[in-house]
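Coordinate inspection notes
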Amino acid sequence: MKILLIEDDREAAEYLEKALSEAGHTTHVAGDGETGFALADSGDYDVLIVDRMLPRRDGLSVIAGLRARGSETPVLILSALGEVDDRVTGLRAGGDDYLTKPFAFSELLARIEVLKRRAGAKDVETVYRAGDLELDRLSHTVRRSGREITLQPREFRLLEYLMRHAGQVVTRTMLLENVWDYHFDPQTNVIDVHVSRLRGKIEKGFDKPILHTVRGAGYMLRAG
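Residues numbered from 1 in each chain as written. Predicted model: local features only at pLDDT ≥ 70, side-chain atom pairs only at ≥ 80, totals over all residues. Heavy atoms only, no water.

1. Observations concerning the packing of aromatic side chains
This structure, assessed with the given rule, holds one aromatic pair. For the ring pair Tyr-15 and Phe-105, a centre distance of 6.4 Å and an interplane angle of 80° mean the geometry is edge-to-face. Here Tyr-15 is found in helix α1 (residues 10-22), whereas its partner Phe-105 is found in helix α5 (residues 105-123), with 90 residues between them in sequence. Of note, Lys-2 hangs over the ring of Tyr-45, and the distance from its end group to the ring centre comes to 5.2 Å. Directly above the ring of Phe-206 sits Arg-144, whose terminal nitrogen or CZ lies 4.6 Å from the centroid. (Phe/Tyr/Trp six-rings, centres within 6.5 Å; stacked < 30°, edge-to-face > 60°. Helix = DSSP H or I, 4+ residues; strand = E, 2+ residues; numbered from the N terminus. Lys NZ or Arg CZ within 6 Å of the ring centre and 35° of its normal.)

2. Focus on the layout of surface pockets
Roughly 1300 Å³ of internal volume is contained in the largest pocket. Met-1, Lys-2, Asp-46, Lys-116 and Arg-137 are the residues nearest the centre of the largest pocket, which is lined by 41 residues in total. Among the secondary structure elements, those contributing two or more residues to the lining of the largest pocket are β2 (26-30), α5, α6 (153-164) and α7 (172-178). With nine residues, α5 is the largest single contributor of residues to the lining of the largest pocket. Here the lining of the largest pocket is composed, by residue class, of 13 nonpolar, ten polar and 18 charged. (1 Å grid on protein atoms, 1.4 Å probe; cavity = no way out; pocket = protein on both sides within 12 Å on 5 of 7 lines; lining within 4 Å. Points joined across faces, edges and corners; volume = space filled by probe spheres on them. Nonpolar A, V, L, I, M, F, W, Y, C, P; charged D, E, K, R; others polar.)

3. A few points about the sheet that holds strand β8 (residues 141-144)
Sheet strands associate in pairs through backbone hydrogen bonding, adopting either a parallel or an antiparallel arrangement. Ordered by their spatial adjacency, four strands build an open sheet running β6-β7-β8-β9, and the pairing between neighbours is antiparallel. What marks the edges here is a single partner per strand, and that holds for β6 (127-130) and β9 (147-149). Sheet twist, expressed as the mean angle between neighbouring strand axes with direction ignored, is 25°. Both strand β7 (residues 133-136) and β8 contribute to a ladder of four bridges, which runs antiparallel. (Pairing = 2+ DSSP bridges. Axes fitted to C-alpha atoms, helices over the stretch in contact; angles between N-to-C directions.)

4. Description of the side chain of Glu-160
Take Glu-160: it is sitting in helix α6. Accessibility expressed as a relative area gives 14% for Glu-160, which makes it buried. Side chain to side chain, Glu-160 and Arg-137 meet in a polar contact 2.7 Å long. Those residues in contact with Glu-160 that sit more than four places away from it in its chain are Tyr-128, Leu-135 and Arg-137. (Buried < 20%, exposed > 50% of the residue type's maximum accessible area, 1.4 Å probe, protein only. Polar contact = N/O pair within 3.5 Å; in protein donor to acceptor, adjacent residues only side chain to side chain. Contact = heavy atoms within 4.5 Å.)

5. Observations concerning the side chain of Asp-51
Topologically, Asp-51 is positioned in strand β3 (residues 47-51). Separated by 2.9 Å, the side chains of Asp-51 and Lys-101 make a polar contact. Ignoring sequence-local partners within four residues, the contact set of Asp-51 consists of Ile-6, Glu-7, Asp-8, Gly-59, Leu-78, Ser-79 and Lys-101.

6. Considering helix α8 (residues 190-203)
Helix length check: α8, at 14 residues, gives a terminal C-alpha distance of 20 Å against a target of 20 Å (1.5 Å per residue), a fit within 8%. Listed as buried for α8 are Val-190, Ile-191, His-194, Val-195, Leu-198, Ile-202 and Glu-203. Looking straight down α8, one finds its buried side chains confined to an arc of 155°; they lie on one side. Among the residues trailing α8, Gly-205 stands out with phi positive, at a value near 90°. (Expected span 1.5 Å × (residues − 1). Arc of directions from axis to C-beta.)

7. Quick notes on a negative patch on the surface
A cluster of acidic residues, Asp-8, Asp-9, Glu-11, Glu-14 and Glu-17, forms a negative patch at the surface. Along the chain, Glu-17 turns up in helix α1. (Patch = residues over 30% accessible without salt bridge, like charges linked within 9 Å, V, L, I, M, F, W, Y side chains within 5 Å. Areas by Shrake-Rupley, 256 points an atom, 1.4 Å probe, with all protein chains shown as cover. Salt bridge = Lys/Arg side-chain N within 4 Å of Asp/Glu carboxyl O. Lys, Arg positive; Asp, Glu negative; His and termini not counted. Charge placed at Lys NZ, Arg CZ, Asp CG, Glu CD.)

Purely geometric numbers; function is a separate question.
This is the structure:
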């Protein structure tokens, strides 16, 4: 998932960003409400995690403002305020779920996965196919000709992005920004290494190549 975390506690934000990354998600962090609102309003996020008490603009105002602009992105509210009235106020402001601090990361992860599934059931494709290759985003599985293929989290994200753009040339810049969350070229061969590993896993033992290099342009996932 691509997640926006709006949290002014730097230590908490760094911990969550790291933990979410290890779980295979891309996370952008905003340290105040105004910055968070601008990012959420202009970005394409799967889930927003919003702290209730924020500098410059409080979390409930951020959520209400986004809903007023037509945003339907699922929102999980984080707050030290845990009374029933506090939770009701947060949900009525436009939040989809409410988690009281302190919390276990495993619970936060489970809650955002549920929010994503609910949203995905409405309008997001959860299974991608290219020829005999199939990727299931919900079960986090990949199969080719019915044979399950085990991928590391980054490899899964790379393949998911390529399958979302099957039949199209995907450039290095697109991969850096959407899979690695780099908005600059680190001048390393990180993409080449991961593409090579992924190609080995999804093509080894099969007759037809499916992940193609387009010289001077990038890569294309194409069956046949």
